[in-house]
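Here is how the chains run, residue by residue.
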Amino acid sequence: GEAAEISVTYPDSYPNEALAGKSAVYKVTVKAILEEGRAELNDDYAKELSGGECSNVGEFRAYLKENLQKGVDAQKELLAQQAVWDKVIADTAIENYPEDLLKAKEEVYKKNDEESAKLENMTLEEYVEAYMGISIEDYNQQIADEIEKSAKKSVISRVVAKQEGIAIDKLSDEDLKEAAEWFGYTDISQLKEYYSEDDIKAELTLKRVTELMMETAKVTEKTGE
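Here's a quick rundown of the structure. (Residues numbered from 1 in each chain as written. Predicted model: local features only at pLDDT ≥ 70, side-chain atom pairs only at ≥ 80, totals over all residues. Heavy atoms only, no water.)

Topic: the packing of aromatic side chains
Condition: By convention, a stacked pair of Phe, Tyr or Trp rings (six-membered ring in the case of Trp) has centres within 6.5 Å and planes under 30 degrees apart, an edge-to-face pair has planes over 60 apart, and any other such pair is tilted. We call a residue buried when its accessible area falls under 20% of the maximum for its residue type, exposed when it is over 50%, and partly exposed in between, using a 1.4 Å probe and counting protein chains only. Every helix listed is a DSSP run of H or I at least four residues long, and every strand listed is a run of E at least two residues long, numbered separately from the N terminus.
Under the definition given, this model contains six aromatic pairs. Note on tyrosine 10 and tyrosine 14: the rings are 4.7 Å apart at their centroids and 50 degrees apart in plane angle, and the pair reads as tilted. In this structure tyrosine 10 comes out as buried when scored by relative accessible area, which is 13%. The partly exposed category is assigned to tyrosine 14, whose relative accessible area is 27%. On the numbers, 6.3 Å between centres and 65 degrees between planes, the contact of tyrosine 185 with tyrosine 195 is edge-to-face. Remark: tyrosine 195 occurs in the loop between α7 (188–194) and α8 (197–216) and tyrosine 185 occurs in the loop between α6 (173–183) and α7; sequence separation between them is 10 residues. Ring-pair connections join several aromatic residues into one group, and the members of that group are Phe183, Tyr185, Tyr194 and Tyr195.

Structural data, given as structure tokens:
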């Protein structure tokens, strides 16, 4: 409940030029004081940590193991999908890409970083150098590489979907429900708020083509890596 004032002076090299070299006073109120220590792992603590899903330490250990295994399995599946797509992309010749596709993907990749830079009152170049530790040239090259790979995946998935008879002409309610779950939304209205119909079609097509590829792909897991 105590109030305090903290005086600070920002260094001249501070990334946000609007604050560099200036002084400021932060007025704060103490809301809590936490002491670091070693908690006792007992049934009550296990119940608290699991949000009430576990009633004792034994159940909590099994709960942790199950969730850790799910994480490992999901990571292995993601790595396998990436390996399959890398192989498919390497074995596919694409003469050109639609310019609107490349432009749209560039905007998506840069959007979050540009918004973060604005919040810091910085240019994108300043933000990239300060928080990513790379030059704007390297940043743009990384973006270009990611866009190229993403564009190839989009083009390939469209062709495969058409050839395999799973292309999406019109989104059904089931399609929208599947897409909402895929994007992590609780309902379709949230999905439509953030994604256009074309975006939903493209991502759903990519999802289904990836699943189709994984059904026939021969993936060898190397032990010890």
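Some details on the packing of helix α5 (residues 136–163) against α8
Our working definition: The axes are straight lines fitted to the C-alpha atoms, using for helices just the contacting stretch, and the angles between their N-to-C directions are given from 0 to 180°. Note that the term roughly parallel is reserved for angles under 35 degrees, roughly antiparallel for angles over 145, roughly perpendicular for angles of 65 to 115, and oblique for everything else. In this analysis, two residues are considered to be in contact whenever any of their non-hydrogen atoms come within 4.5 Å of each other. Side-chain classes are defined by residue name, with Ala, Val, Leu, Ile, Met, Phe, Trp, Tyr, Cys and Pro counting as nonpolar, Asp, Glu, Lys and Arg as charged, and the others, Gly among them, as polar.
Interhelical geometry of α5 versus α8 gives an angle of 70 degrees and a closest axis separation of 9 Å. Looking at the two axes, α5 sits roughly perpendicular to α8. Residues Lys153, Ser157, Arg158, Val160 and Ala161 of α5 form the contact with α8, whose participating residues are Thr205, Leu206, Val209 and Leu212. Of the residues that constitute the contact of α5 with α8, the class distribution is five nonpolar, two polar and two charged.

Remarks on the environment of leucine 124
When you line up the elements, leucine 124 lands in helix α4 (residues 124–132). Classification of leucine 124 by relative accessible area gives buried; the value is 19%. Measuring from C-alpha to C-alpha, the distance between leucine 124 and lysine 110 comes to 9.1 Å, with 14 residues separating the pair along the chain. With sequence-adjacent residues up to four places away left out, leucine 124 is seen in contact with Asp113, Glu114, Ala117, Ile136 and Tyr139.

With respect to the layout of surface pockets
Counted only if it meets this: Cavities and pockets are found on a 1 Å grid laid over the protein atoms alone: a cavity is a set of points where a 1.4 Å probe fits but cannot escape, a pocket is an open set with protein on both sides within 12 Å along at least five of seven lines, and a lining residue has an atom within 4 Å of such a point. Grid points are joined across faces, edges and corners, and a volume is the space filled by probe spheres set on the points.
What the largest pocket holds in volume is close to 1,700 Å³. Lining the largest pocket are 39 residues; nearest its centre among them are Lys105, Ser150, Ser154, Glu203 and Leu206. Taken together, the elements giving at least two residues each to the lining of the largest pocket come down to α2 (57–90), α3 (99–119), α5, α6 and α8. Classifying every residue of the lining of the largest pocket by side-chain character gives 15 nonpolar, eight polar and 16 charged.

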